[in-house]
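Spelled out from the first residue to the last, the chains are:
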Amino acid sequence: VEARLVDACRTCNGRDRHTGADVTVGGVKSFGVSNENGVVNTKQRAADLRDRGIIFLCRKTARAQKIRTLTRGAIIAALYASLTLLLAPISYGEVQIRISESLTLLPVLLPEAVPALAVGCLIANLYTGMLTDIIFGSLATLIAAIGTYLLRKKPILAAACPVLVNAVIVGL
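Figured I'd write up the structure that's included with this text. (Residues numbered from 1 in each chain as written. Predicted model: local features only at pLDDT ≥ 70, side-chain atom pairs only at ≥ 80, totals over all residues. Heavy atoms only, no water.)

### What about helix α4 (residues 113–126)?
Then step 1. Along its 14 residues, α4 runs 20 Å from first to last C-alpha, staying within 8% of the 20 Å computed at 1.5 Å per residue.
Then step 2. Of all the positions in α4, only Ala113, Val114, Ala116, Leu117, Ala118, Gly120, Cys121, Ala124 and Asn125 are classed as buried. (Helix = DSSP H or I, 4+ residues; strand = E, 2+ residues; numbered from the N terminus. Expected span 1.5 Å × (residues − 1). Buried < 20%, exposed > 50% of the residue type's maximum accessible area, 1.4 Å probe, protein only.)

Take a look at the structure:
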């Protein structure tokens, strides 16, 4: 998907007009190509651009979206680490049952979950003090999250990826 920045859009201010389009990431809500006479050819133009993978964002909307993505990632990392620490008696030791590993399915819906899960696992593994757990456990979660993201079009394979990765890497 190609994103093009414009100076203003209806997402930010309903009275702004500009050359370009008013397309929001969530869908085409208020779209139009502006000229000196006003907004023209709205629905057909929106469908054409969307089919070509082009979305238009104003600078404020693009900045807000980056902040939302970063915030979601931080929440996912914190959730992984806190779930692991909250359930520490079963999360650490010879036999580990990590309920937080179920979050490795999130990359199917949210791409920002891939680095967030790796960071959350790293933070949780720092409490063990074991270098092998810190390195290989975090690496296993990162590989599982990447595999889940890459297989997101095939949900059953995406769900199997964390299981297989953890079985191989953690099992060694």
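Anyway, onward from the coordinates.
### Comments concerning the packing of helix α5 (residues 131–150) against helix α6 (residues 155–169)
Then step 1. Packing of α5 against α6 brings their axes to within 8 Å, and their N-to-C directions diverge by 155°. Classified by the angle between their axes, α5 and α6 sit roughly antiparallel to one another. For the pair α5 and α6, the sense of crossing is right-handed. Taken together, the residues of α6 that come into contact with α5 (itself represented by Phe136, Ala140, Ile143, Ala144, Gly147 and Thr148) are Ala158, Cys161, Pro162, Val165, Asn166 and Ile169.
Then step 2. In terms of residue class, the contact of α5 with α6 is built from nine nonpolar, three polar and no charged. (Axes fitted to C-alpha atoms, helices over the stretch in contact; angles between N-to-C directions. Parallel < 35°, antiparallel > 145°, perpendicular 65-115°, else oblique. Left-handed = near helix turned anticlockwise from the far one by under 90°. Contact = heavy atoms within 4.5 Å. Nonpolar A, V, L, I, M, F, W, Y, C, P; charged D, E, K, R; others polar.)

### Side note on the nonpolar core
The nonpolar side chains of soluble globular proteins are, as a tendency, buried together.
Then step 1. Of all hydrophobic cores here, the largest spans twelve residues; its members are Ile76, Ala77, Tyr80, Tyr92, Leu103, Ala113, Val114, Ala116, Leu117, Cys121, Ala124 and Ala145.
Then step 2. Elements that contribute at least two residues to this core include exactly α2 (59–86) and α4.
Then step 3. Ranked by residue count, the leading element in this core is α4, at six residues.
Then step 4. The contacts of Tyr80, once residues within four sequence positions are left out, are Arg98, Ser100, Glu101, Leu103, Leu117, Gly120, Cys121, Ala124 and Thr141. (Core = buried A, V, L, I, M, F, W, Y, C linked by side-chain atoms within 4.5 Å.)

### A look at the environment of Gly137
Then step 1. Within the secondary structure, Gly137 sits in helix α5.
Then step 2. Taking the relative accessible area as the measure of exposure, Gly137 reaches 11% and is therefore buried.
Then step 3. Considering only alpha carbons, one finds Gly137 and Ile169, 32 residues apart in sequence, at a separation of 7.8 Å.
Then step 4. Apart from the residues within four sequence positions on either side, Gly137 is in contact with Cys121, Asn125 and Thr132.

### What to know about the pattern of salt bridges
Then step 1. Evaluation of the coordinates by the stated rule reveals two salt bridges.
Then step 2. Notably, a salt bridge pairs Glu112 with Arg72, separated by 2.5 Å at the nearest N-O pair. Placement of the pair is Glu112 in the loop between α3 (88–91) and α4 and Arg72 in helix α2, with a sequence separation of 40 residues.
Then step 3. Since its relative accessible area comes to 36%, Arg72 is described here as partly exposed.
Then step 4. We note a salt bridge from Arg98 to Asp133, for which the minimum N-O separation is 4.0 Å. You can see Arg98 sitting in the loop between α3 and α4 and its partner Asp133 sitting in helix α5, a full 35 residues away along the chain.
Then step 5. Among the residues examined, Asp133 registers a relative accessible area of 13% and is labelled buried. (Salt bridge = Lys/Arg side-chain N within 4 Å of Asp/Glu carboxyl O.)

### Quick notes on the side chain of Thr141
Then step 1. Relative to the elements of secondary structure, Thr141 occurs in helix α5.
Then step 2. Classification of Thr141 as buried rests on a relative accessible area of 1%.
Then step 3. Polar side-chain contacts of Thr141 include one of 2.9 Å to the side chain of Glu101. (Polar contact = N/O pair within 3.5 Å; in protein donor to acceptor, adjacent residues only side chain to side chain.)

### Some thoughts on the packing of α4 against α5
Packed helices, taken two at a time, are described by their axes: the angle between them and the distance between them.
Then step 1. Direction vectors running N to C along α4 and α5 enclose 160°, while the axes themselves pass 8 Å from each other. What the angle tells us is that α4 and α5 run roughly antiparallel. Between α4 and α5 lies a crossing whose hand is right-handed. Note on element contacts: α5 touches α4 through Asp133, Ile134, Gly137, Ser138, Thr141, Leu142, Ala145, Ile146 and Tyr149, opposite Val114, Leu117, Ala118, Cys121, Leu122, Asn125 and Leu126.
Then step 2. For the contact of α4 with α5, the per-class residue count stands at eleven nonpolar, four polar and one charged.

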